[in-house]
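# Summary of structural features
So the chains spell out like this:
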Amino acid sequence: MSEEVKIKTEFNVTAGSKENLIQKIVDKGIEISAIQSDSKDEIYQAFLKREEQGTTGLVDGYAIPHAESTAINHPALLIYKLKESIEWESMDGKPVNFVFGILVPTKQKGTAHLKILSEIAKMLMKKDAKDQLASADSEESIMRTIKNYTSID
Amino acid sequence: MSEYKIVGATGCPTGIAHTYMAQEALEQAAETAGVSIKVETHGQIGVENQLSAEEIKNADVVIIASDKDVQSERFTGKRVIDVSVGKGIRDADKLIEQALAGDGKVLRSSDIDEETENESESYTDEESSNFGRTVYKHLMNGVSHMLPFVVSGGVLTALSFLWGIHSADPASADYNQVAAILNTVGGVSMGLMVPVFAGFIGDSISQRPGLVAGFVGGMIAHTTEAGFLGGILAGFLGGYLILFLQKLLKGMPKSLDGLKAIFILPVIGVLITGVTMALLAGPVETINIAMMNFLSGFQGSNPIVLGIIVGIMSAADMGGPINKAAYVTGTVLLGQGNYYFMAGVSAACIAPPLITTFATQFYKKYYSKEDINSGLVNIILGSTHITEGAIPFAAKDPIRVLPSLMLGSSIAATLTYMFGVQVPAPHGGFLVLPVVTGAIQWVLAILIGSVIGGLVMGYLQKRTVESQASGTN
């Protein structure tokens, strides 16, 4: 299943604002060819539109911006641990320092990767998982946690 | 069968993350609180962990944490807490706490109605239909709680007739002690029909205090022969009176909340509803009797018109208030020794499930496997006078199915009246055949109606399926 969802992590990221970080997600998505290269603006708008419907900022500094589009070729999970927290209108009002950006291709609706993304979301509700993520300092340790709490292997 | 104290439904516009986070949060919170919960998710993948009708029925309370429609009409009559998906994630503990506290911030079904409709913004200008739906919801809450009383009471009464129609009467030669007990028990259960009906209309409107006022008012309607009509009046009067009182007493200090719930509201509610019902009993009784006379008047003079009226009423909402109005008229007339009227009502109530059986059997090709199976199960439901079996079919395609059911029911009822069949039992379907006068004609009437209704329903389904197929080409 791991080949179905592309996962990338970055540490000590400086973003400055929510918009900048979303831009980073889109750029990265194109870099790993999860997003069609000519659809940069479209995907960026898709993220913002989702934020308008309701914030994706959760509690305890996590945010899960996500976008679904036909211009997304491949499901991907782009993880950013931020150097400095940014404002995300999160549910508990706390600034965000851990971002899980999610890219979902429209055409694959209803398939296994959606399940994985929902598992990621559930994982972020578990205190143990959050503790592990908070102390994680490498891609491996983050992946270990993800593997522990989801069906990704 | 598993039971959950709490059931929930979560959903969000994209259906990728929040839906499941709210599910997880609610499950965790329930575990912490030590209560069982099942949470249905409305995500991108579709509906998962789906709640069955049984599970919804058995749950004490429903928590909806969603920013999109989760088919909340399924929860009609349940205590529902309806919040945004975000609140479900953020405040799951508090939601569970509120759910268990019972009276906390529980919303009435009318509130949920308004809220979801405001959210979707498509119905906001349809105040009247909104109100109509709310009233119907309250009515159905009454009907659904009343039904088990009717079925158990009716079946027991019917059973007692197996010893002979007068087997419960000590003066009769047929007298049998077992039959007499069955008859008494069945009669008590049937007698609770109107009070329970009125009580749970009140409960749907304003919860427990409404239940009390409606129940007492319904009992008065029952004892004064104000009947079903009186029950409707008592339920709505009691329910809305309590709402009004709650508004009136809003200014009272919070410390008196307990007193309000257990003393002030019930006492004033029962006083006003009860006295009003007692005073209105006379006039309502007159209307009620006039209505019944109007209906039964057709019996001798015009069996066809009566058959059509009864058929349409019985099939109109399959166990809903319109069906029950016909049914209750039948039971009251039974009490007065009129066994003809009930025969038609029973026929019209038995036919709809059987119609779905015939339709799915005659036109197998055009129905899903699932439909064909439920069609077969409906043989049992129909034969035992449980009209509700036809509801799933009617709900899927009311415009085509309802007229077919009405047609079949009308034919069954009309033929029953023309054959002069007498059914002395208030329920039980074909179980009571031994005590039916003209049993063969009765079954024949029902079968003819069901076959014709089934042919029409199946044919309409065939046309729908075919036009859909050609439409996609």
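Before reading further, recall that the structure is shown in the block above.
Residues numbered from 1 in each chain as written. Chains lettered and ligands numbered in written order. Predicted model: local features only at pLDDT ≥ 70, side-chain atom pairs only at ≥ 80, totals over all residues. Heavy atoms only, no water.

## Some words on the overall build of chain A
The secondary structure content of chain A amounts to five helices and five strands. Secondary structure elements in chain A, listed N-terminal to C-terminal, are β-α-α-β-β-β-β-α-α-α. The burial tally for chain A puts 52% of its 153 residues in the buried class. Pairs at least 24 residues apart make up 69% of the contacts formed inside chain A by residues separated by at least 6 positions. Accessible surface, chain A as shown: approximately 6700 Å² in total, 43% of it carbon and sulfur. (Helix = DSSP H or I, 4+ residues; strand = E, 2+ residues; numbered from the N terminus. Buried < 20%, exposed > 50% of the residue type's maximum accessible area, 1.4 Å probe, protein only. Contact = heavy atoms within 4.5 Å. Areas by Shrake-Rupley, 256 points an atom, 1.4 Å probe, with all protein chains shown as cover.)

## Section: the overall build of chain B
Broken down by element type, chain B carries 17 helices and five strands. For chain B, the proportion of its 473 residues judged to be buried stands at 52%. In chain B, 70% of the contacts between residues at least 6 apart in sequence involve partners at least 24 apart. On chain B, roughly 20300 Å² of surface is accessible, and the fraction owed to carbon and sulfur atoms is 63%.

## Re the pairing of strand 1 (residues 6-11) of chain B
Taken residue by residue, a regular strand's side chains alternate between the two faces of the sheet. Residues and elements named next belong to chain B. Among the six residues in strand 1, six count as buried, and that is most of the element. Because side chains alternate across strand 1, one face comprises the buried residues Ile6, Gly8 and Thr10, and the other comprises Val7, Ala9 and Gly11, equally buried. With six bridges connecting them, strand 1 and strand 2 (residues 37-43) associate as parallel partners. Looking at the pairing, Gly11 lines up with His42 of strand 2. Sheet topology places strand 1 next to strand 4 (residues 61-66); six bridges connect them, and they run parallel. Each bridged residue has a counterpart across the sheet, and for Ala9 the counterpart in strand 4 is Ile64. (Pairing = 2+ DSSP bridges.)

## Some words on the interface of chain B and chain A
With 17 residues of chain B at the contact, the number on the chain A side is 22 residues. Counting the surface lost from both chain B and chain A, the interface buries some 1900 Å², and carbon and sulfur atoms represent 69% of this. Contact with chain A buries surface across chain B, with Ile16(B), Met21(B) and Gln44(B) losing the most and accounting together for 31% of the total. The partner of Glu24(B) in a salt bridge is Lys126(A), and the shortest N-O contact between them spans 3.4 Å. (Buried area = accessible area lost by both parts, 1.4 Å probe. Salt bridge = Lys/Arg side-chain N within 4 Å of Asp/Glu carboxyl O.)

## Overview of the pattern of salt bridges
Residues and elements named next belong to chain A. All chains considered together, the criterion is met by 15 salt bridges over all chains. Between Lys28 and Glu10 there is a salt bridge, with the nearest N and O atoms lying 3.7 Å from each other. Placement of the pair is Lys28 in helix 1 (residues 18-31) and Glu10 in strand 1 (residues 6-13), with a sequence separation of 18 residues. Judged by relative accessible area, which is 29%, Glu10 ranks as partly exposed. A salt bridge links Lys130 to Asp60, with the nearest nitrogen and oxygen atoms 3.1 Å apart. Placement of the pair is Lys130 in helix 4 (residues 127-135) and Asp60 in the loop between helix 2 (40-53) and strand 2 (62-63), with a sequence separation of 70 residues. A relative accessible area of 11% places Lys130 in the buried class. Counted as one network, the salt bridges with shared partners bring together Glu10, Lys28 and Glu31.

## Digging into the sheet that holds strand 1 of chain B
Adjacent strands of a sheet pair through backbone hydrogen bonds, lying either parallel or antiparallel. All names here are of chain B. On the basis of which strands lie adjacent, the open sheet formed by five strands has the order 3-2-1-4-5 and mixed pairing. With partners counted over all chains shown, the strands left at the sheet margins are strand 3 (46-48) and strand 5 (79-83), one partner each. Strand-to-strand twist in this sheet, taken as the mean axis angle between neighbours without regard to direction, amounts to 15°. Two strands pair when backbone bridges link them, and strand 2 and strand 3 are joined in this way by three bridges, in the antiparallel orientation. From the neighbouring strand, Thr41 faces strand 3, where its bridge partner is Glu48. Contacts from helix 1 (residues 18-33) reach strand 1, strand 2, strand 3 and strand 4, with the element oriented near 175° to strand 2. (Axes fitted to C-alpha atoms, helices over the stretch in contact; angles between N-to-C directions.)

## Notes on the packing of aromatic side chains
Within the structure shown, the criterion is met by nine aromatic pairs over all chains. The interplanar angle of 40° and the centroid separation of 6.3 Å between the aromatic rings of Tyr62(A) and Phe100(A) together place this pair among those described as tilted. On the criterion of sequence distance, the pair formed by Tyr62(A) in strand 2 and Phe100(A) in strand 5 (residues 96-105) is long-range, its members being 38 residues apart. Note on accessibility: Tyr62(A) and Phe100(A) belong to one class, buried. For the ring pair Phe98(A) and Phe100(A), a centre distance of 5.4 Å and an interplane angle of 25° mean the geometry is stacked. Of the two residues examined, Phe98(A) and Phe100(A), each falls in the buried class. Taken together, the aromatic side chains of Tyr62(A), Phe98(A) and Phe100(A) make up a single cluster linked through ring pairs. The lysine or arginine in question, Lys396(B), covers the ring of Phe393(B), its NZ or CZ lying 5.9 Å from the ring centre. (Phe/Tyr/Trp six-rings, centres within 6.5 Å; stacked < 30°, edge-to-face > 60°. Lys NZ or Arg CZ within 6 Å of the ring centre and 35° of its normal.)

## Notes on empty space enclosed by the protein
Residue and element names in this part refer to chain B. A full pass over the atoms with the stated rule returns three cavities of 30 Å³ or more. In this structure, the largest cavity spans a volume of roughly 80 Å³. Lining the largest cavity are 13 residues, and of these Leu147, Lys324, His385, Thr387 and His427 sit closest to its centre. Elements that contribute at least two residues to the lining of the largest cavity include exactly helix 6 (127-160) and helix 12 (321-335). Across the lining of the largest cavity, the residue classes break down as six nonpolar, five polar and two charged. (1 Å grid on protein atoms, 1.4 Å probe; cavity = no way out; pocket = protein on both sides within 12 Å on 5 of 7 lines; lining within 4 Å. Points joined across faces, edges and corners; volume = space filled by probe spheres on them. Nonpolar A, V, L, I, M, F, W, Y, C, P; charged D, E, K, R; others polar.)

## Describing the environment of Ile268(B)
All names here are of chain B. Mapping Ile268 onto the fold places it in helix 10 (residues 257-301). Judged by its relative accessible area of 28%, Ile268 is partly exposed. Distance in space between the C-alpha atoms of Ile268 and Pro209 is 9.7 Å, their sequence separation being 59 residues. When near neighbours in sequence (up to four residues on either side) are disregarded, Ile268 contacts Leu241 and Leu245.

## Considerations on a nonpolar patch on the surface
Residue and element names in this part refer to chain B. Side chains of Ile304, Ile308, Ile312, Leu407, Met418, Phe419, Leu444, Ile448, Ile452 and Val456 sit close together on the surface and give an oily, nonpolar patch of about 780 Å² of accessible area. Looking at the nonpolar patch, the elements with two or more residues in it are helix 11 (303-316), helix 16 (398-419) and helix 17 (439-472). Per-element accounting of the nonpolar patch gives the leading share, four residues, to helix 17. Examined against the element boundaries, Leu407 turns out to sit in helix 16. (Patch = residues over 30% accessible without salt bridge, like charges linked within 9 Å, V, L, I, M, F, W, Y side chains within 5 Å.)

## A word on the packing of helix 13 (residues 339-362) of chain B against helix 16 of chain B
Residue and element names in this part refer to chain B. Closest axis-to-axis distance for the helix 13/helix 16 pair is 8 Å, and the angle between their directions is 145°. Read as a crossing pair, helix 13 and helix 16 show a hand that is right-handed. Between helix 13 and helix 16, the residues in contact are Tyr340, Phe341, Ala343, Gly344, Val345, Ala347, Ala348, Ala351, Pro352, Ile355 and Thr356 and Ser404, Leu405, Gly408, Ser409, Ala412, Ala413, Thr416 and Tyr417, respectively. Looking at side-chain class alone, the contact of helix 13 with helix 16 contains 13 nonpolar, six polar and no charged residues. (Left-handed = near helix turned anticlockwise from the far one by under 90°.)

## Quick notes on the nonpolar core
Core analysis: the biggest nonpolar cluster contains 52 residues, and Leu77(A), Phe100(A), Leu124(A), Ile146(A), Met21(B) and Ile96(B) have the highest contact counts within it. Apart from the residues within four sequence positions on either side, Leu124(A) is in contact with Leu58(A), Tyr62(A), Ile64(A), Phe100(A), Lys130(A), Leu133(A) and Met21(B). Grouped together as the second largest cluster of nonpolar side chains are 32 residues, Met318(B), Ala394(B), Leu405(B) and Val435(B) included. (Core = buried A, V, L, I, M, F, W, Y, C linked by side-chain atoms within 4.5 Å.)

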